[in-house]
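# Summary of the model geometry
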Amino acid sequence: MSTPEFIREIRAAGAGHRLLLLPGVTAVVFDDEGRVLLGRRADTGRWSVVGGIAEPGEQPADTAVREVYEETAVRCVPERVVLVQMLEPVTYANGDACQYQDITFRCRATGGEARAADGELLEVAWFHPDGLPPLEPFALHRIHRSLAGEPTWFEAPQAWCEAPEGTA
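Now for a description of the structure that goes with this document. Here the structure is a predicted model, which is why all the values come from computation and not from measurement. Along each chain, residue indices are assigned from 1 in the same order as the chain's sequence is written. For this predicted model, a pLDDT threshold of at least 70 governs which residues receive local features, and a threshold of 80 or more governs which side-chain atom pairs are given and counted, while totals over whole chains, interfaces and linings are taken from all residues. For side-chain calculations, the full set of non-hydrogen atoms in the structure is used, while hydrogens and water are omitted.

Aromatic contacts are taken between Phe, Tyr and Trp rings whose centres are within 6.5 Å, Trp giving its six-membered ring; a plane angle under 30 degrees counts as stacked, one over 60 as edge-to-face, and the others as tilted. In total, this model carries one aromatic pair according to the counting rule given. With centroids separated by 5.1 Å and ring planes inclined at 80 degrees, the aromatic side chains of Trp47 and Phe127 adopt a geometry described as edge-to-face. Residue Trp47 is found in strand E3 (residues 47–48), and its partner Phe127 is found in strand E8 (residues 121–127); the two are separated by 80 residues along the sequence. Assigned by exposure class, Trp47 and Phe127 land together as buried. Its end group placed over the ring of Phe30, Arg106 keeps NZ or CZ at 4.3 Å from the ring centre. Over a ring means this: the NZ of a Lys or the CZ of an Arg is within 6 Å of the ring centre and within 35 degrees of the ring normal. Taking the ring centre of Phe138 as reference, the NZ or CZ of Arg142 above it sits at 3.7 Å. The numbering of helices and of strands both runs from the N terminus, where a helix is a DSSP run of H or I of at least 4 residues and a strand a run of E of at least 2. For the exposure calls, accessible area comes from a 1.4 Å probe over protein chains only, and a residue counts as buried if that area is under 20% of its type's maximum, exposed if over 50%, partly exposed in between.

Structure (structure tokens):
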């Protein structure tokens, strides 16, 4: 994954390797046959859903559309927000620490020919939900939530957010 220029500038301006909270977007893209678009990542060699970091001022749905097209050459339309989740912090090999707040969209493919388009993916393919390759829990959870057709999923609020007894 290539680090966006704006993040390199923030780190060079004094943030260094400190933890950055970043807006992440995931797109779970389905075609008219109900197949899901997956890419085999160049950094891990594992299959996953498509995603990336929003650019400053970019709406999350636009990020989903851009990332899908840049990485797979597939055009898509976001249909709904599937989930919102703060992910655990990650420290990369170079020492950079990031924590992503992920917004996942269920998207519908509208055109293009699926291919590894920008070097972040080794290959791209469509899979039927009952014939998925091995996936990390991150991707499986997002695909299952996209198929469920339920309201947007989010982590339950922590107990400390509840009103103390006798104050309701």
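The subject of this paragraph is the pattern of salt bridges. The term salt bridge refers to a side-chain nitrogen of Lys or Arg lying within 4 Å of a carboxyl oxygen of Asp or Glu. If you walk through the whole model with that rule in mind, you get 14 salt bridges. Its salt-bridge partner being Arg66, residue Glu58 comes within 2.8 Å of it at the nearest N-O pair. A salt bridge links Arg106 to Glu79, with the nearest nitrogen and oxygen atoms 3.3 Å apart. In this pair, Arg106 is assigned in strand E7 (residues 97–112) and Glu79 in strand E5 (residues 74–86), connecting sequence segments 27 residues apart. Given the relative accessible area of 21%, Arg106 is considered partly exposed. Via salt bridges that share partners, Glu58, Arg66, Glu67 and Glu70 belong to a single interconnected network.

Glancing now at helix H3 (residues 137–148). Here, expected helix span is obtained from the residue count minus one, scaled by 1.5 Å. Look at H3: 16 Å from first C-alpha to last across 12 residues, which is about the 16 Å you get at 1.5 Å a residue. Inspection of H3 places Ala139, Arg142, Ile143, Arg145 and Ser146 among the buried residues, and these make up the whole buried set. Along the axis of H3, the buried residues cluster in a sector spanning 165 degrees; they form a single face. Working rule for contacts: check all heavy atoms of both residues, and any pair within 4.5 Å makes them a contact. If you follow the buried residues of H3, they end up packed against strand E1 (20–30), strand E2 (36–41), E3, E5, E7 and strand E9 (153–154). Gly149, located one to two residues past H3, shows a positive phi value of around 70 degrees. Arc definition: it is the arc formed by the directions from the helix axis to the C-beta atoms.

In this section: the nonpolar core. We define the nonpolar core as a collection of buried residues of types Ala, Val, Leu, Ile, Met, Phe, Trp, Tyr and Cys that are connected through side-chain atoms lying within 4.5 Å of one another. Membership of the largest hydrophobic core comes to 14 residues, with the highest contact counts inside it found for Ala27, Val29, Leu37, Val68 and Cys107. Filtering out sequence-adjacent residues up to four positions away, Val68 remains in contact with Ala27, Val29, Leu37, Val50, Ala73, Val74 and Cys76. Counting residues in hydrophobic clusters, the runner-up holds 10 residues, among them Phe30, Leu38, Val49 and Ile143.

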